[in-house]
Amino acid sequence: MKALVAVKRVVDYNVKVRVKADKTGVETANVKMSMNPFDEIAVEEGLRLREAGIVSEVIIVSAGVQQCQETIRTALAMGADRGVLVLTDVELQPLAVAKLLKAVIDKEGPEIVIIGKQAIDDDCNQTGQMLAALLGWPQATFASKITISGAEAEVTREVDGGLETLAFKLPIIVTTDLRLNEPRYASLPNIMRAKKKPIVPMTPEELGVDVTPRLITLKVEEPAKRQGGIKVGSVAELVDKLKNEARVI
Amino acid sequence: MSVLVIAEHDNRALKPATLPAVAAAAEIAIAAGSDVHILVAGKDCRAIAEAAAQIAGVAKILLADDAALDHGLAENWAPLLVRLAAGYSHVLAPATTSGKNLMPRVAALLDVMQISDISAVVSPDTFVRPIYAGNALATVQSKDAIKIITVRGTAFAPAAAGGGSALIETVAATGSAGLSEFVRAELSKSERPELTSARVIISGGRGMQSGDNFHLLEKVADRLGAAVGASRAAVDAGFVPNDYQVGQTGKIVAPELYVAVGISGAIQHLAGMKDSKVIVAINKDDEAPIFQIADYGIVGDLFKILPELDEELGKRQQ
Ligand SMILES: Cc1cc2nc3c(=O)[nH]c(=O)nc-3n(C[C@H](O)[C@H](O)[C@H](O)COP(=O)(O)OP(=O)(O)OC[C@H]3O[C@@H](n4cnc5c(N)ncnc54)[C@H](O)[C@@H]3O)c2cc1C
Ligand SMILES: Nc1ncnc2c1ncn2[C@@H]1O[C@H](COP(=O)(O)O)[C@@H](O)[C@H]1O
């Protein structure tokens, strides 16, 4: 079976973002962009399934501006087989991304689709669940362990109370959590090889998807800054401050 | 049209996470001149519906009791929600792992964009939500007919759990979609308060060096009646289970007192705790970023400071 992995180009997780002066968004010009960290985990899981002989091919999809090609290239350098780039300058929201992914899935016919649980820019945590809904497939969200046998998958999920294991019928959508695996680095030979791997461009129009945003961002502001406090010299002083100044113990 | 809130429960008790979501719903309902209903769905959950009926300011409880609704399987819950949503202007759930799992599935089936993790209600169609690990706050307006929303629990003062007397109405379930099945759960057991509703939290990071060393934190936690949390690094290293993780991609907390021990203060960790009322940092590196947001910092070796803290608190308790 084929695996399809969705990767998003986001502001790198080490960047301290700045809100634009005109409050329309955050500054992304001259800012380091990277693959969403949860998507690196998704790519890695696809590769491991291929290495285990469960999956025959790992297809990478990214939607957005032309530079998303670099993000796909990174996944190909990790070892994925080929890419699909859905090109648009429109701001994409999760419902639109889910519709685009569904259209690509309808063409490609994968039986396992792996998505990050959350993009670290919009912090939406929606796309995988929405895609599962549109396809009528089950959703194994926040996965920390995947076992596939035959036409079934058993997935352990990170939930608020601990861990939960569910069984699903394939085809399936999986969204990755932090402990699913540790993504590999691309080796130099693989980076070279990735340059020759195909990336097919498409547009939302070709896929028949209306990507018009449903949510209108009225403004983006900086949150109230927290005032720094003081350093205390001893544990006794700390306890005294907590009791008599802050009154929290 | 009324506002519907999905109750969070484990079949034994209504979870505190429900109450801030009810508070957010009440703000919307007041602005829209409507009222708040709660859906209690699950298996053998009438007692939960009775508890939900006590919540102040709620007009009606919908009770959907069916074996297929056990364990919160999104594949089975979503069709029920889609049917019920037709009668509501807004459907809200707490932004817990169950709310985050379920709500986008419902939104997509209704062809609406979900509004995730709201931290304020501006008007019935406009909400504030943190983005970029809380480093920016977006005010967004939804033009969709039905608003599907998850609620950040720390951003709304919980509705009162008592004083209400809502009617309970039974609604038909929609059965099993036959796509997913519960196998087992390995839930962390603890006598301590739940992280997201604790008044005091003490969290350990990579600086703790091992899971065994967490007993140093636990001793202090017991003195303070605190919950114990952790950074991602401590969870990844296997010191503590995943449900201890506080942060952008773990739990969002805002206790009266948060004590960070051996935690450097990465953006992703701060995202989960910077709204705490009072923050204490214990770290041997006096340049650790955590000190920039701490009200009280103490520079030193945690293996020396934690036992001292335990002793000092012990003295004062006598
Ligand atoms: C996609 C993504 C999501 C993430 N989500 C989260 C999240 O939800 N929550 C989260 O916490 N992180 C998250 N992270 C990780 C985050 O970036 C940091 O790596 C992590 O928070 C670091 O944990 P730490 O502070 O325990 O470890 P470190 O950064 O290694 O800090 C350890 C600290 O302990 C101090 N120390 C060491 N020994 C002692 C001692 N004996 N006495 C006193 N102090 C000592 C050191 O001075 C240091 O400051 C995420 C990262 C990514 C990429
Ligand atoms: N523009 C995009 N292109 C490809 N994948 C995406 C895109 N946006 C979101 N995704 C996928 O959906 C996941 C969750 O994103 P979100 O729902 O926005 O938090 C990401 O980790 C990606 O796997």
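Higher on the page you've got the structure.
Residues numbered from 1 in each chain as written. Chains lettered and ligands numbered in written order. Predicted model: local features only at pLDDT ≥ 70, side-chain atom pairs only at ≥ 80, totals over all residues. Heavy atoms only, no water.

Visitor: Sorry if this is basic, but what is going on with the site of ligand 2 here?
Guide: All names here are of chain A. Taken together, 20 residues surround ligand 2, and among them Asp39, Ala63, Ala119, Asn125 and Thr127 come closest. Take aspartate 39: an N or O atom from its side chain is 2.5 Å from an oxygen atom of ligand 2. At a separation of 2.9 Å, an oxygen atom of ligand 2 approaches a polar side-chain atom of aspartate 122. With the chains in place, 98% of the 480 Å² that ligand 2 exposes on its own is no longer accessible. Looking at the shell around ligand 2, the element that brings in the most residues is strand S4 (residues 57-64), giving three residues. When grouped by side-chain class, the residues that make up the shell around ligand 2 number ten nonpolar, seven polar and three charged. (Near = heavy atom within 4 Å. Polar contact = N/O pair within 3.5 Å; in protein donor to acceptor, adjacent residues only side chain to side chain. Areas by Shrake-Rupley, 256 points an atom, 1.4 Å probe, with all protein chains shown as cover. Helix = DSSP H or I, 4+ residues; strand = E, 2+ residues; numbered from the N terminus. Nonpolar A, V, L, I, M, F, W, Y, C, P; charged D, E, K, R; others polar.)

Visitor: Mind showing me how you'd approach the sheet that holds strand S7 (residues 126-131) of chain B here?
Guide: Across a sheet, paired strands are connected by hydrogen bonds in the backbone, their directions being either parallel or antiparallel. In spatial order, the strands read S12(A)-S8(B)-S7(B)-S6(B); together these four strands make up an open sheet with antiparallel pairing. Of all the strands in the sheet, the pair left with one neighbour each is strand S12 (215-221) of chain A together with strand S6 (120-123) of chain B. If you compare each strand with its neighbour and ignore which way they point, the axes differ by 30° on average. In this structure, S12 of chain A lies alongside strand S8 (residues 136-142) of chain B, joined through six bridges in antiparallel fashion. Bridge pairing in S8 of chain B links leucine 215 of chain A to serine 142 of chain B. (Pairing = 2+ DSSP bridges. Axes fitted to C-alpha atoms, helices over the stretch in contact; angles between N-to-C directions.)

Visitor: Mind showing me how you'd approach the site of ligand 1 here?
Guide: Around ligand 1 sit 29 residues, and of these Arg206, Ser231, Gln245, Ser264 and Asn283 of chain B come closest. Among the chains of the assembly, those with residues near ligand 1 are chains A and B. Residue glutamine 245 of chain B places a side-chain N or O atom 2.7 Å away from an oxygen atom belonging to ligand 1. At 2.8 Å, a side-chain N or O of glutamine 268 of chain B approaches an oxygen atom of ligand 1. In isolation ligand 1 exposes 980 Å². Once the protein is present, 86% of that is buried. Broken down by secondary-structure element, the contributors of at least two residues to the shell around ligand 1 are helix H1 (37-51) of chain A together with helix H6 (232-236), helix H7 (267-273) and helix H8 (302-317) of chain B.

So far we have only geometry, and geometry alone does not tell us how the molecule works.
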